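Breakdown of the fold
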Amino acid sequence: MSDNPFESVVRGTEGGILPSEASNTPSPSLEFCTMSVEEAAAALGTNVQNGLPNINEVRNRQQAYGINEITADEDEPLWRKFLGTFVSDPLIMLLIGSAAVSFVMGNIDDAVSITLAIIIVVTVGFVQEHRSEKSIEALNRLVPAECHLIRAGQESRLLASVLVPGDLVHFGVGDRIPADLRIVKAVDLSIDESNLTGENEPVHKSTQQVSKDSYNDIPGSLVPLADRTCIAYMGTLVREGHGKGIVVGTAKNTAFGKVFEMMNSIEKPKTPLQTAMDKLGKDLSLLSFGLIGVICLIGIIQGRSWLEMFQISVSLAVAAIPEGLPIIVTVTLALGVLRMAKRRAIIRRLPSVETLGSVNVICSDKTGTLTANHMTVSKLWCLGTMSNKSNIMNLSGANNSNFKNHLSDDVLATLRIGNICNNSTYSQEHVKFLGNPTDIALLEVLRKFGLDDQRSRVTRVAEISFSSKRKFMAVKATDSNGKTAIYVKGAYEKILEKSTHFINAEGKVVKLDNGLKNVISDSANTLASEGLRTLAFAQLEVSNPSEKPFTEGEISGLTFAGLLGMNDPPRSTVKAAVERLSEGSVHIIMITGDAENTAVNIARQIGIPVVNPETAVLTGDRLDNMTEDQLASIIDHVNIFARATPEHKLNIVSALQKRGDIVAMTGDGVNDAPALKLADIGVSMGKMGTDVAKEASDMVLTDDDFSTILTAIEEGKGIFNNIQNFLTFQLSTSVAALSLVAISTAFKLPNPLNAMQILWINILMDGPPAQSLGVEPVDHEVMQKPPRKRTDKILTVDVFKRLLQSAALIIVGTIYIFIKEMTEDGQITARDTTMTFTCFVFLTCSTL
Ligand SMILES: Nc1ncnc2c1ncn2[C@@H]1O[C@H](COP(=O)(O)OP(=O)(O)OP(=O)(O)O)[C@@H](O)[C@H]1O
Ligand SMILES: [Ca+2]
């Protein structure tokens with residue numbers, strides 16, 4: 001089969017699509033979108049009716065391309081990752097060392113119990129982390145489990161992971177596309193690519209190849225993803241129609257695989273506790289080793305036996321190394337995760353739990369997170385009928401029949417544009433409108449005016465869909481009279497900028513001068529300052545519907561119709577949450593695509609302070625003209641970013657991090673993913689969020705509610721508190737044991753505790769009594785404490801004082817008993833050491 005062109009590609013002779021070169025060769029979807037169906041089939045050695053010819057061919061390709069699955073991590077085997085966790089932690093390494101020493105010394109019991117402890121620590125952490133990642137992965141599975149596959153003329157249902165390039169796949173409404181496909185048959189096909197491109201509007205797909213020539217003007221330019229209309233991308237969703245396609249790319253060779261690679265290239269900063277534990281582990285080990293060295297030396301100089309000194313040194317080393325620390329940290333974190341899941345915050349990465357306690361800045365979306373995302377059109381204004389801002393019409397509350405008498409031509413046009421330029425649909429099954437809340441509101445308002453949905457009477461020719469970057473949406477449609485027009489709705493600045501005329505109350509098109517434009521702006525700003533999401537509506541009649549291509553640049557010279565203001569009330573829980581967070585010195589920043597005035601109003605309603613809008617609000621435009629350093633220098637005073645796009649979020653996070661802030665950032669769209677990944681705590685939305693955003697985040701809010709972040713931060717702080725309590729307990733025990741031996745050595749006294757007892761105390765102290773400290777419910781007062789700094793040691797001065805106090809108590813008490821028992825009979829009996837030991841344990845437990 002050497003004449004099979006596909007084989008030469010597999011061997012990677014001429015810029016082929018060899019899997020290993022995936023990242024630096026052009027992607028298959030790009031290569032194949034400019035080929036005709038026949039060329040594509042020939043290039044892949046397949047048949048558009050029967051698929052790949054035989055099973056041998058399939059096997060060969062499976063060997064060359066591997067399975068069709070995208071894994072976020074490198075394909076490191078599980079056992080390797082598991083073993084890796086042993087080596088990566090210095091505390092664990094030291095433990096392994098001390099276990100080995102115990103073993104060599106013949107203390108098999110100790111060796112076994114320490115080894116057991118190590119295994120418990122590592123396994124619990126590993127299983128927990130692995131399981132939580134797996135369960136989220138399972139939730140967000142984009143690659144379908146199964147697909148309709150045609151091989152050698154036989155159609156069957158198989159796992160999508162078995163697909164190889166050249167396979168022929170059949171798909172229909174509701175299917176997730178299982179791999180990157182060159183479409184070879186399309187019937188009314190439209191595919192939702194929003195999780196890949198961010199475009200909300202499904203893309204119409206056909207078998208027609210893309211002409212390369214139209215992209216030749218700009219050297220080095222590629223056909224953009226969204227323009228490869230004969231390609232169906234892996235993970236995208238079939239919205240309408242059905243079709244067939246040949247697999248051109250699988251796994252990492254797909255467009256989706258590339259998105260994943262891009263996200264993986266941004267590194268996660270270490271969490272504060274990881275850093276603190278690293279440091280503490282090293283410090284403590286060094287300190288205790290030094291001390292033990294000194295004790296050992298003094299003992300030997302005093303002429304004590306080598307063996308005795310060595311035994312005591314090793315047991316002291318084991319005691320002084322806080323090996324219970326990793327256990328308790330893991331258990332405390334794991335329990336915290338479970339508690340938080342019950343409170344609707346799902347933690348995707350275990351160490352994030354305590355990072356939460358350090359968060360000092362929260363950047364939050366407005367719509368849907370701070371507000372309910374339930375829009376109702378409450379105000380209407382048209383230039384012709386209402387002439388200025390004092391005549392804005394209030395649609396809320398009043399009598400319905402009233403509005404029907406106000407249907408002047410400009411009001412009618414405004415409502416009609418909102419109706420036609422709209423993608424929401426009515427679901428009989430759910431008995432309500434489905435889709436974008438803004439669009440839904442525009443359909444719901446029609447009833448108030450006694451109007452019905454006109455969309456069945458017009459034919460949509462084309463659409464420019466809404467995106468947060470574009471901030472408007474346009475539809476070209478032909479009505480029943482054969483008149484074609486472009487209907488546009490969007491952010492009022494955008495629409496006004498593109499308008500040259502307006503419709504007056506009698507439906508006449510009148511020229512718009514600067515004075516009138518100011519009147520419109522005034523009214524729009526008035527609506528926005530009431531906290532309303534304000535949209536402008538405009539249209540443009542076109543003589544020949546297919547005259548020109550329908551592009552963003554073509555939208556100009558519009559005829560302005562009117563403005564609508566939508567009410568989206570703040571969530572009821574948000575105000576209290578904002579207050580609690582502010583008490584805890586957390587800086588809250590609202591990031592919104594909405595207008596400045598809308599944002600300011602909502603911010604004030606929920607208690608985000610906007611003293612001086614000049615400094616407290618930054619718009620997307622101004623942000624664009626700033627360097628990161630400039631942004632970092634003023635961001636402390638900024639509470640609102642208005643008219644922002646998802647791309648701005650990345651700048652905002654890095655500017656904050658530059659200042660040393662620990663940032664939580666919310667997001668839901670694909671374009672939010674890089675910012676979510678970079679933030680110390682990326683927060684995604686369980687309901688509204690895309691799968692890509694969820695996968696990039698550290699925490700998922702299952703109710704999309706801002707106040708859940710407060711809950712999570714509370715838990716995070718509480719957990720950290722518990723860990724500190726445990727630390728105090730552990731270390732005071734260690735310090736006491738160390739000091740006792742040091743003191744008795746220095747004063748030439750016999751050792752009050754023998755090696756076995758020291759080890760025993762240590763194991764006991766790491767056990768149940770200590771663990772209970774980690775489980776204590778969170779003390780709600782923790783919110784009043786300011787966030788921890790990333791550079792803060794986990795051992796603060798306070799903790800240290802507490803630690804020394806308890807250690808002193810234990811030492812004095814134990815020595816008193818020891819000397820008293822010893823001097824009673826002048827020699828050391830088993831009774832003496834038992835009494836001393838009991839006293840030590842008793843005192844230690846009393847410090848709990
Ligand atoms: N479906 C839509 N069609 C046309 N214009 C819209 C639509 N939705 C919103 N807009 C306009 O775009 C502006 C910004 O919307 P965008 O989607 O960027 O914000 P958002 O992400 O919904 O809000 P937030 O950033 O607060 O979560 C709105 O103020 C509105 O004027
Ligand atoms: Ca210990």
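As the structure is a computational prediction, the values presented were derived from the model and not from experiment.

1. Remarks on the overall build of the protein chain
- For the protein chain, the count of helices and strands is 32 helices and 26 strands.
- Here the protein chain holds 848 residues, and 52% of them are scored as buried.
- Contacts in the protein chain between residues at least 24 apart in sequence constitute 71% of all its contacts with a sequence separation of at least 6.
- A total accessible area of about 36,600 Å² is found for the protein chain, and carbon and sulfur atoms account for 56% of it.

2. Remarks on the site of ligand 1
- Of all residues adjacent to ligand 1, which total 21 residues, the nearest are Thr 367, Arg 533, Thr 592, Gly 593 and Asp 594.
- The contact in question runs from an oxygen atom of ligand 1 to an N or O atom on the backbone of Lys 366, over 3.3 Å.
- Here Thr 534 contributes a backbone N or O atom positioned 3.4 Å from an oxygen atom of ligand 1.
- Across the complex, the protein chains shield 90% of the 620 Å² of accessible surface that ligand 1 would expose by itself.
- Elements that contribute at least two residues to the shell around ligand 1 include exactly helix H17 (437-448), strand S16 (484-491) and strand S19 (533-542).

3. Overview of helix H32 (residues 830-846)
- The first and last C-alpha atoms of H32 sit 24 Å apart over 17 residues, in line with the 24 Å expected at 1.5 Å per residue.
- The complete set of buried residues in H32 reads Asp 832, Thr 833, Thr 836, Phe 837, Cys 839, Phe 840, Val 841, Leu 843 and Thr 844.

4. Things to note about the UniProt feature "transmembrane region" (unreviewed entry) in the protein chain
- UniProt tags residues 86-105, 111-127, 284-302, 314-338, 726-747 and 803-819 as "transmembrane region" (unreviewed entry).
- With 95% helix and 0% strand, residues 284-302 has end C-alpha atoms that lie 27 Å from one another.
- End C-alpha to end C-alpha, residues 803-819 measures 24 Å, and it is 100% helix and 0% strand.

5. A few points about the pairing of strand S17 (residues 499-503)
- As paired elements, S17 and strand S20 (residues 558-567) share 3 bridges and run parallel to each other. Note that in S20 the partner of Phe 502 across the bridge is Phe 560.
- Pairing of S17 with strand S18 (residues 509-511) involves 3 bridges; the strand directions are antiparallel. Pairing of Ile 503 across the sheet is with Val 509, part of S18.
- Hairpin geometry of S17 and S18 is characterised by an intervening segment of 5 residues between the two adjacent antiparallel strands and by a positive phi of about 85 degrees at Gly 507.

6. Regarding the nonpolar core
- Counting 61 residues, the largest nonpolar core has Leu 380, Phe 449, Ile 555, Phe 560 and Leu 563 as the members making the most contacts within it.
- Those residues in contact with Leu 563 that lie beyond four places of it in its chain are Lys 379, Leu 380, Trp 381, Thr 414, Tyr 492, Ile 520, Ser 523, Ala 524, Leu 527, Leu 535 and Ala 536.

7. Here we look at the pairing of strand S10 (residues 376-381)
- Taken across its 6 residues, S10 has 5 buried, putting it largely inside the fold.
- As defined by bridge partners, S10 adjoins S20 across 5 bridges and the pair is classed as antiparallel. Residue pairing across strands places Thr 376 opposite Asn 567, the latter belonging to S20.
- Strand direction decides the pairing type here: S10 and strand S11 (residues 393-394), joined by 2 bridges, are antiparallel.

8. Section: the pattern of salt bridges
- Enumeration according to the criterion identifies 25 salt bridges in this entry.
- The closest approach of N and O atoms between Lys 379 and Glu 530, which form a salt bridge, is 2.6 Å. Of this pair, Lys 379 sits in strand S10 while Glu 530 sits in the loop between helix H19 (514-529) and S19; the two residues are 151 residues apart in sequence, bridging distant segments of the chain.
- Accessibility expressed as a relative area gives 35% for Glu 530, which makes it partly exposed.
- Note that Glu 552 is salt-bridged to Arg 470, the shortest N-O span being 3.0 Å. Residue Glu 552 is found in the loop between S19 and S20, and its partner Arg 470 is found in the loop between strand S14 (459-464) and strand S15 (472-478); the two are separated by 82 residues along the sequence.

9. Notes on unusual backbone geometry
- A positive phi angle is found at Ala 251, which is not glycine, with a value near 45 degrees.
- If you trace the backbone, Ala 251 turns up in the loop between strand S7 (237-249) and helix H9 (255-264).
- A positive phi angle is found at Ser 387, which is not glycine, with a value near 50 degrees.
- Of note, Ser 387 is situated in the loop between helix H14 (383-386) and S11.

10. What to know about the sheet that holds strand S23 (residues 640-642)
- One open sheet holds the 8 strands; their spatial order is S8-S26-S25-S24-S9-S21-S23-S22, and the pairing between them is mixed. What marks the edges here is a single partner per strand, and that holds for strand S8 (345-347) and strand S22 (617-619). Adjacent strand axes in the sheet meet at a mean angle of 20 degrees when their direction is disregarded.
- Examined bridge by bridge, strand S24 (residues 663-667) and strand S25 (residues 681-685) share 4 bridges and lie parallel to one another. Across the sheet, Thr 666 pairs through a bridge with Val 683, a residue of S25.

11. Details of the environment of Val 184
- When you line up the elements, Val 184 lands in strand S4 (residues 180-192).
- Excluding residues that lie within four positions of it along the chain, Val 184 makes contacts with Val 37, Val 48, Leu 168, Thr 207, Lys 244, Gly 245 and Ile 246.

12. A word on the confidence of the model for the protein chain
- With 80% of its residues at a pLDDT of 70 or more, the protein chain has an overall mean of 81.
- The low-confidence segment residues 1-25 (pLDDT under 50) makes 40 contacts with residues lying over four places distant or belonging to another chain.
- Low pLDDT, under 50, characterises residues 135-144; the stretch is placed with 20 contacts to residues that sit more than four places away or in other chains.
- Of the two predicted TM-score estimates for the complex, the pTM is 0.68 and the ipTM is 0.95.

13. Digging into the environment of Met 783
- Counting through the fold element by element, Met 783 comes out in the loop between helix H30 (768-775) and helix H31 (797-825).
- Taking the relative accessible area as the measure of exposure, Met 783 reaches 0% and is therefore buried.
- For the pair Met 783 and Thr 711, spaced 72 residues apart in sequence, the C-alpha separation works out to 9.9 Å.
- Residues within four places of Met 783 in sequence aside, it is in contact with Arg 580, Leu 581, Glu 583, Gly 584, Leu 710, Ile 713, Glu 714 and Lys 717.

14. Notes on the packing of aromatic side chains
- Counted according to the given criterion, the structure contains 1 aromatic pair.
- Both rings, one in Tyr 426 and one in Phe 433, keep their centres 5.2 Å apart while their planes meet at 80 degrees; by these two values the pair is edge-to-face.
- Using a relative accessible area of 14% as the deciding quantity, one classes Phe 433 as buried.
- If you follow Arg 643 out to its NZ or CZ, it ends over the ring of Tyr 492, 5.6 Å from the centre.

What counts as what
Residues numbered from 1 in each chain as written. Chains lettered and ligands numbered in written order. Predicted model: local features only at pLDDT ≥ 70, side-chain atom pairs only at ≥ 80, totals over all residues. Heavy atoms only, no water. Helix = DSSP H or I, 4+ residues; strand = E, 2+ residues; numbered from the N terminus. Buried < 20%, exposed > 50% of the residue type's maximum accessible area, 1.4 Å probe, protein only. Contact = heavy atoms within 4.5 Å. Areas by Shrake-Rupley, 256 points an atom, 1.4 Å probe, with all protein chains shown as cover. Near = heavy atom within 4 Å. Polar contact = N/O pair within 3.5 Å; in protein donor to acceptor, adjacent residues only side chain to side chain. Expected span 1.5 Å × (residues − 1). UniProt positions renumbered as here; feature names shortened; annotations may be inferred. Pairing = 2+ DSSP bridges. Core = buried A, V, L, I, M, F, W, Y, C linked by side-chain atoms within 4.5 Å. Salt bridge = Lys/Arg side-chain N within 4 Å of Asp/Glu carboxyl O. Axes fitted to C-alpha atoms, helices over the stretch in contact; angles between N-to-C directions. pLDDT = per-residue confidence, 0-100. Phe/Tyr/Trp six-rings, centres within 6.5 Å; stacked < 30°, edge-to-face > 60°. Lys NZ or Arg CZ within 6 Å of the ring centre and 35° of its normal.

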